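# Examining the three-dimensional arrangement
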Amino acid sequence: MTDTLARLQQVLEARKQAEPDSSYVASLHAKGLNKILEKVGEESVEAILAAKDAATSGDNSDLIYETADLWFHSLVMLSHLGESHEAVLNELARRFDLSGLEEKASRNT
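Treat the numbers as computed from the prediction; the structure is a model and nothing was measured. (Residues numbered from 1 in each chain as written. Predicted model: local features only at pLDDT ≥ 70, side-chain atom pairs only at ≥ 80, totals over all residues. Heavy atoms only, no water.)

Quick look at the overall build of the protein chain now. If you tally the helices and strands in the protein chain, you get six helices and zero strands. Overall, the protein chain shows an N-to-C arrangement of helices and strands of α-α-α-α-α-α. Principal-axis analysis of the C-alpha atoms places the extent of the protein chain at approximately 45 × 40 × 30 Å. For the protein chain, with 109 residues in total, the buried portion stands at 26%. Carbon and sulfur atoms make up 56% of the accessible area of the protein chain, which amounts to about 7600 Å² in all. Between the averaged position of the 11 positive side-chain charges in the protein chain and that of its 19 negative side-chain charges there is a distance of 3 Å. (Helix = DSSP H or I, 4+ residues; strand = E, 2+ residues; numbered from the N terminus. Buried < 20%, exposed > 50% of the residue type's maximum accessible area, 1.4 Å probe, protein only. Areas by Shrake-Rupley, 256 points an atom, 1.4 Å probe, with all protein chains shown as cover. Lys, Arg positive; Asp, Glu negative; His and termini not counted. Charge placed at Lys NZ, Arg CZ, Asp CG, Glu CD.)

Below you can see the structure in the form of structure tokens.
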């Protein structure tokens, strides 16, 4: 998975500097952060609805598809703000030795 994320990060960084009419990612960057955030929100809702449908149908295929869209647009957002998937993976790794309750409590202080 990390190889896929690393490859995707390279593509996202390259397209950040591309002409807006040459790629979807470049067009998102050209439209700015608000448009990227709009897409993250849209994909979040679509993933939630797909999860709800999967819970009743037992078919997770749309859920996987919509989650991939959500992850993709989240990576575009991170890239736009100068971050990468590695920062998120590092944060997840940091949490490995914490219980979820401890991690949540630490955010309130």
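After that view of the structure, there is still more to cover.
With that settled, consider helix H4 (residues 61-80). Here H4 is 20 residues long and its end C-alpha atoms lie 29 Å apart, about the 28 Å a rise of 1.5 Å per residue gives. What H4 keeps buried is the set Glu66, Leu70, His73, Ser74, Leu75, Val76, Leu78 and Ser79. Residue Gly82 follows H4 closely and has a positive phi angle near 80°. (Expected span 1.5 Å × (residues − 1).)

One can describe the packing of helix H2 (residues 24-31) onto helix H3 (residues 33-57) by two numbers: an axis separation of 5 Å at closest approach and a directional angle of 120°. Here H3 runs oblique to H2, going by the angle between their axes. Here Tyr24, Leu28, His29 and Lys31 of H2 lie close against H3, whose contacting residues are Lys35, Ile36 and Lys39. (Axes fitted to C-alpha atoms, helices over the stretch in contact; angles between N-to-C directions. Parallel < 35°, antiparallel > 145°, perpendicular 65-115°, else oblique. Contact = heavy atoms within 4.5 Å.)

Now for the nonpolar core. Listed in full, the eight residues of the largest apolar core are Leu5, Leu12, Val25, Leu28, Ile36, Leu75, Val76 and Leu78. If you list the elements that add at least two residues to this core, you get helix H1 (2-16), H2 and H4. At three residues, the largest contribution of residues to this core is made by H4. Contact partners of Leu78, with chain neighbours within four places excluded, come to Glu83, Ser84 and Val88. (Core = buried A, V, L, I, M, F, W, Y, C linked by side-chain atoms within 4.5 Å.)

Before going further, it helps to examine the pattern of salt bridges. This structure, assessed with the given rule, holds six salt bridges. Two residues, Glu43 and Lys39, come together in a salt bridge whose shortest N-O distance is 3.7 Å. Highlighted residues: Glu43 and Lys39, both in helix H3, separated by four residues, approximately one helical turn. In this structure Glu43 comes out as buried when scored by relative accessible area, which is 4%. (Salt bridge = Lys/Arg side-chain N within 4 Å of Asp/Glu carboxyl O.)

Purely geometric numbers; function is a separate question.
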